[in-house]
Amino acid sequence: MEFATFILAAQRGYHQSSDSVIRNSIEQAVLSEQAGFNTAWFAEHHFNNYSLVPSPLMMVAHCAGLTSTIRLGTAVCVLPLYHPQRLLSEIGFADVVANGRLELGVGVGYQQFEFERFGVNIDEAPAIFSEYMDILLKGLNQNIFEHDGQYEKIPPTAISVPTVQKPTPPIWIAGGPPRMIRAYREGHNFFVTALHNGLETLSTLRESIEEAAASEGKNVTDAKISLLRCCYASDDQVEINSYLDNARFQRRLSEALHQRRQQSLDGYLLQETPTQQDLSLETMRENLPIGSVNRVIDRLLEEMDILKPDQIAIQTQLGDFDQKTMLRQIELWGDKIIPAVNKSHPQARV
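(A) Structural detail: the sheet that holds strand β12 (residues 311-317). Spatially, β1-β2-β3-β4-β7-β8-β9-β12 is the arrangement adopted by the 8 strands of the closed barrel, whose pairing is parallel. Within this sheet the neighbouring strands show an average axis-to-axis angle of 25°, counted without direction. Relative to strand β2 (residues 39-42), strand β1 (residues 2-7) runs parallel, the two being bridged by 4 bridges. Residue Ile7 lies in a different strand from β2, and its bridge partner there is Phe42.

(B) View of unusual backbone geometry. In this structure, Val76 follows Ala75 across a cis peptide bond, with omega equal to 10°. With an omega of 0°, the peptide bond running from Lys166 to Pro167 counts as cis. Mapped onto the secondary structure, Pro167 falls in the loop between β6 (153-158) and β7 (171-174). With phi around 55°, Leu195 is a residue other than glycine that occupies positive phi space. Tracing the backbone through its elements, the reader meets Leu195 in the loop between β8 (189-193) and α7 (199-215). For Leu195, a relative accessible area of 32% gives the class partly exposed. Positive phi is not limited to glycine here, since Lys308 has a value of about 60°. Position of Lys308 among the secondary structure elements: in the loop between α10 (293-307) and β12. With a relative accessible area of 42%, Lys308 lands in the partly exposed category.

(C) Broad picture of the pairing of strand β4 (residues 102-107). Of all 6 residues making up β4, 6 are buried, and the element is well covered by its neighbours. Residues Leu102, Leu104 and Val106 of β4 are buried on one face, and the alternating residues Glu103, Gly105 and Gly107, pointing to the opposite face, are buried as well. Pairing geometry for strand β3 (residues 71-78) and β4, over 5 bridges, is parallel. Each residue of the ladder has a partner; that of Thr74, found in β4, is Leu104. Handedness of the β-α-β unit built from β3, helix α3 (residues 84-97) and β4 comes out right-handed.

(D) View of the packing of aromatic side chains. Evaluation of the coordinates by the stated rule reveals 10 aromatic pairs. Aromatic pair Tyr232 and Phe321: ring centres 5.5 Å apart, planes at 70°, arrangement edge-to-face. Taken as a pair, Tyr232 in strand β10 (residues 232-233) and Phe321 in the loop between β12 and α11 (323-344) lie far apart in primary sequence, 89 residues in all. Tyr232 gets classed as buried once you look at its relative accessible area, which sits at 0%. Its relative accessible area of 10% is what places Phe321 among the buried residues.

(E) Representation of the side chain of Glu103. Along the chain, Glu103 falls in strand β4. A relative accessible area of 7% means that Glu103 is categorised as buried. There is a polar contact of 2.7 Å between the side chain of Glu103 and the side chain of Trp172. Apart from residues lying up to four places away in sequence, Glu103 is in contact with Thr39, Trp41, Arg71, Leu72, Gly73, Thr74, Pro170 and Trp172.

The rules we used
- Residues numbered from 1 in each chain as written.
- Predicted model: local features only at pLDDT ≥ 70, side-chain atom pairs only at ≥ 80, totals over all residues.
- Heavy atoms only, no water.
- Pairing = 2+ DSSP bridges.
- Helix = DSSP H or I, 4+ residues; strand = E, 2+ residues; numbered from the N terminus.
- Axes fitted to C-alpha atoms, helices over the stretch in contact; angles between N-to-C directions.
- Buried < 20%, exposed > 50% of the residue type's maximum accessible area, 1.4 Å probe, protein only.
- Right-handed = clockwise from strand over helix to strand, strands pointing away.
- Phe/Tyr/Trp six-rings, centres within 6.5 Å; stacked < 30°, edge-to-face > 60°.
- Polar contact = N/O pair within 3.5 Å; in protein donor to acceptor, adjacent residues only side chain to side chain.
- Contact = heavy atoms within 4.5 Å.

Next comes the structure, spelled out in structure tokens:
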């Protein structure tokens, strides 16, 4: 089983400076390598405090110089917000400086506030994503490529810095069944999340995955699956509640943005507002791998048996959760949880 850290780089309020959020995120990525995680993933968002990373490829390039073995990934590059030609060049550059350690995650995007400020119609995002994926695959696989589509017309073009990994870096797609189906059709991997829900949602996710694979005549194992999950191991209830409170904060902002509202008092800092999707901290604790080390291990094994993912990506950067405490948590996963899971799970792999 592979393990990853997912680094959102959120800012809960002005008591956190933007530079401290970014530096803390980098510190978590570096420590993730030392603790034995396989991958560090970086999100992409714009123009508000939900996430401060405007370019996950820039984070990959920077962290490449501070690490040597951990794979570094984009989760995700929001394709409709890019010029695909420029993105291809930056993908090649990032993979070169990372010595072939880039994991390329891409997605459609969902925040209207971002799309409006890039001048992109969010209702066209799925169609733009589909065409831009076609362009990326051409540019990654051909020395000279061209494209004549609805959104882009590109004359014969060469990318001056191709990727180290051949034919391409591993490609991961975020999204629901249509994107899962494309992943199986073209041989990519994909991300899934059960949000803060429990085993029933994981069972439903597994059914969707199996249907997507069957629709393309593929085996489920033909694509790698990464499960993004909030997990936290501690006997300290204050720590646990702080982690859960920050996870719920993140979800509240995501829901507001997903519903195409910008809840902001000053044009930047989003207002945290309870939603109908809110769960109590007690319910979240029951649903998630949260609690003592043994409870987290047992729950992870149970979830792995249901969903059968290839990777668990745990959320380490949440709101204003204490940095020193989170660094200790990353070390704890490396010392105890990851070895125990890999020893106990019948399909474990190092």
